[in-house]
Amino acid sequence: MNILDKIVQLRKDRGWSEYQLAEKSGLTQSTISTWYRKDIIPSITSLERVCGAFGISLSQFFLDENDFTVVLTPQQKRLLEYAIRLDPAQYDALIKFLETL
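Here's what I pulled together on the structure shown here. Predicted model only: the values in this text are computed from it and were never measured. (Residues numbered from 1 in each chain as written. Predicted model: local features only at pLDDT ≥ 70, side-chain atom pairs only at ≥ 80, totals over all residues. Heavy atoms only, no water.)

**Structural notes on the packing of helix H2 (residues 18-25) against helix H4 (residues 44-54)**
- Between H2 and H4, whose axes approach to 8 Å, the crossing angle comes to 100 degrees. Judged by the angle between their axes, H2 and H4 are roughly perpendicular. Contacts between H2 and H4 involve Leu-21, Lys-24 and Ser-25 from the former and Arg-49, Val-50, Ala-53 and Phe-54 from the latter.
- A breakdown of the residues in the contact of H2 with H4 according to their chemical character gives four nonpolar, one polar and two charged. (Axes fitted to C-alpha atoms, helices over the stretch in contact; angles between N-to-C directions. Helix = DSSP H or I, 4+ residues; strand = E, 2+ residues; numbered from the N terminus. Parallel < 35°, antiparallel > 145°, perpendicular 65-115°, else oblique. Contact = heavy atoms within 4.5 Å. Nonpolar A, V, L, I, M, F, W, Y, C, P; charged D, E, K, R; others polar.)

The structure is reproduced here in structure tokens:
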């Protein structure tokens, strides 16, 4: 999978439009749409901003789908630290809340 396809996959997994990705990454929508229209690979700086919007690191972005290594960001680790303390009902409530975001 190429870089642009991976961005589309991650964006669609979250139910985001290009506009929403632009807002969350601090890039312009025209920048993002230009990547696709002209088949341009984003710069490392832009890709870092996109990864930041997705809440992942560059290394997570480039992990092979068949690689079972999981690298968590500090934010993801913090969330997991709280989640493992919840009882099943609280965990289900958290998941429902997160699904509404």
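**As for the environment of Lys-38**
- Secondary-structure assignment places Lys-38 in the loop between helix H3 (29-37) and H4.
- What makes Lys-38 exposed here is its relative accessible area of 57%.
- Residues Lys-38 and Leu-80 lie 42 residues apart in sequence; the distance between their C-alpha atoms is 39 Å. (Buried < 20%, exposed > 50% of the residue type's maximum accessible area, 1.4 Å probe, protein only.)

**Re unusual backbone geometry**
- For Asp-39, which is not glycine, the phi dihedral falls at a positive 55 degrees.
- Topologically, Asp-39 is positioned in the loop between H3 and H4.
- A residue is classified by how much of its surface remains accessible, and Asp-39, at 59% relative accessible area, is exposed.

**Description of the nonpolar core**
- Ile-7, Leu-21, Trp-35, Val-50, Phe-54 and Phe-61 are the most contacted members of the largest nonpolar core, which totals 17 residues.
- The element that contributes the greatest number of residues to this core is H4, accounting for five residues.
- Contacts of Ile-7, omitting those with residues within four sequence positions, involve Leu-21, Trp-35, Tyr-36, Pro-42, Leu-47, Val-50, Phe-54 and Phe-61. (Core = buried A, V, L, I, M, F, W, Y, C linked by side-chain atoms within 4.5 Å.)

**Examining the environment of Phe-62**
- Tracing the sequence through the fold places Phe-62 in the loop between helix H5 (58-61) and helix H6 (74-83).
- With relative accessibility at 47%, the residue Phe-62 sits in the partly exposed group.
- Each C-alpha atom of the pair Phe-62 and Ile-3 lies 8.5 Å from the other, and the pair is 59 residues apart in sequence.

**Remarks on the packing of aromatic side chains**
- Per the stated rule, a full pass over the model turns up two aromatic pairs.
- Arranged with centres 5.4 Å apart and planes meeting at 20 degrees, the rings of Trp-16 and Phe-54 form a pair that is stacked. Taken together, the residues Trp-16 in the loop between helix H1 (3-13) and H2 and Phe-54 in helix H4 connect sequence positions 38 residues apart.
- Look at Phe-61 and Phe-62: their rings are 5.0 Å apart centre to centre, the planes differ by 80 degrees, and that puts the pair in the edge-to-face class.
- Residue classification places Phe-61 among the buried positions, given a relative accessible area of 3%.
- Here Lys-6 stacks its cationic end above the ring of Phe-61, 5.9 Å away from the centre of that ring.
- The positively charged end of Arg-14 is found above the aromatic ring belonging to Trp-16, 6.0 Å away from the centroid. (Phe/Tyr/Trp six-rings, centres within 6.5 Å; stacked < 30°, edge-to-face > 60°. Lys NZ or Arg CZ within 6 Å of the ring centre and 35° of its normal.)

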